[in-house]
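# Structure at a glance
So you can see what is in the structure, the chains are spelled out below.
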Amino acid sequence: MSLTHGEEGTPLYVVWHSMKARCQIPSAGPYERYGGRGISVCQEWSDSYVKFRDWALAAGYKQGLQIDRRDNDGDYEPGNCRWVTPVVNANNRGNHRTLTAFGETKTMAEWARDDRCAVSISALKQRVRKGRYTDEEAITLAKGRHVESVRREPE
């Protein structure tokens, strides 16, 4: 069957094709995180790129945005999807470690972009992995400062 929309290979078509693959093809790399845990594409979108395209354009799709599911455990369907920047999408992943400081909870990537963070994202990850810092210490201690050198034993 030949395509009638003439959009195969366009960025939006690639989004649609990739979405279906990760939910429907067990040999697709990310299948385990999507179809393998029960995430599916609604029948309307699965059956028709044109219907997906029409929803996408009405929902604010622009090249460079990514499809995001509001409910990370929900399906790809009009009521659960939106278009977001790559940064927003990355922060919505279910495997992000969050840190709480100053009464705020953010992902490590968000903290690394915050002006109050004294270290790079890689240093922040290393500090958290080692577990020697409170969240606020991991974020705010200047590079090269260690908890042991900052904390003093009672005299």
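For the structure given in this document, a descriptive report is provided here. (Residues numbered from 1 in each chain as written. Predicted model: local features only at pLDDT ≥ 70, side-chain atom pairs only at ≥ 80, totals over all residues. Heavy atoms only, no water.)

Two numbers describe how helix α1 (residues 11-24) lies on helix α3 (residues 49-58): the axes approach to 10 Å, and their chain directions differ by 120°. Read as a crossing pair, α1 and α3 show a hand that is right-handed. Along the contact surface, α1 presents L12, Y13, V15, W16 and M19, while α3 presents Y49, F52, R53 and A56. (Axes fitted to C-alpha atoms, helices over the stretch in contact; angles between N-to-C directions. Helix = DSSP H or I, 4+ residues; strand = E, 2+ residues; numbered from the N terminus. Left-handed = near helix turned anticlockwise from the far one by under 90°. Contact = heavy atoms within 4.5 Å.)

Below, the discussion takes up the pairing of strand β4 (residues 104-107). Bridge count for strand β3 (residues 98-101) against β4 is 4 bridges, and the pairing is antiparallel. Counted as the bridge partner of L99 is K106 from β4. Taking the residues between adjacent antiparallel strands as the criterion, β3 and β4 are bridged by 2 residues, where F102 takes a positive phi near 55°. (Pairing = 2+ DSSP bridges.)

Quick look at the nonpolar core now. Most often, soluble globular proteins keep nonpolar side chains buried together rather than apart. Core analysis: the largest hydrophobic core is formed by 20 residues, its most contacted members being M19, W45, F52, W55, I67, Y76 and W83. Listing elements by their share of this core, those giving two or more residues are α1, α3 and β2 (81-84). For this core, the leading source of residues is α1, giving 6 residues. Ignoring sequence-local partners within four residues, the contact set of W55 consists of W45, I67, P78, C81, R82 and W83. In terms of nonpolar packing, the next biggest core, distinct from the first, is built from 13 residues, L99, C117, V119 and L141 among them. (Core = buried A, V, L, I, M, F, W, Y, C linked by side-chain atoms within 4.5 Å. Buried < 20%, exposed > 50% of the residue type's maximum accessible area, 1.4 Å probe, protein only.)

Relative to the 20 Å expected for 14 residues at 1.5 Å per residue, α1 spans 20 Å between its end C-alpha atoms, a close match to the ideal helical length. Contact partners of the buried residues in α1: α2 (43-47), α3, β1 (66-69) and β2. (Expected span 1.5 Å × (residues − 1).)

It is worth spelling out the environment of I121 at this point. With respect to the helices and strands, the residue I121 is situated in helix α6 (residues 121-130). For the pair I121 and M108, spaced 13 residues apart in the sequence, the C-alpha separation amounts to 6.9 Å. When sequence neighbours within four positions are dropped, the list of residues in contact with I121 reads M108, A109 and A112.

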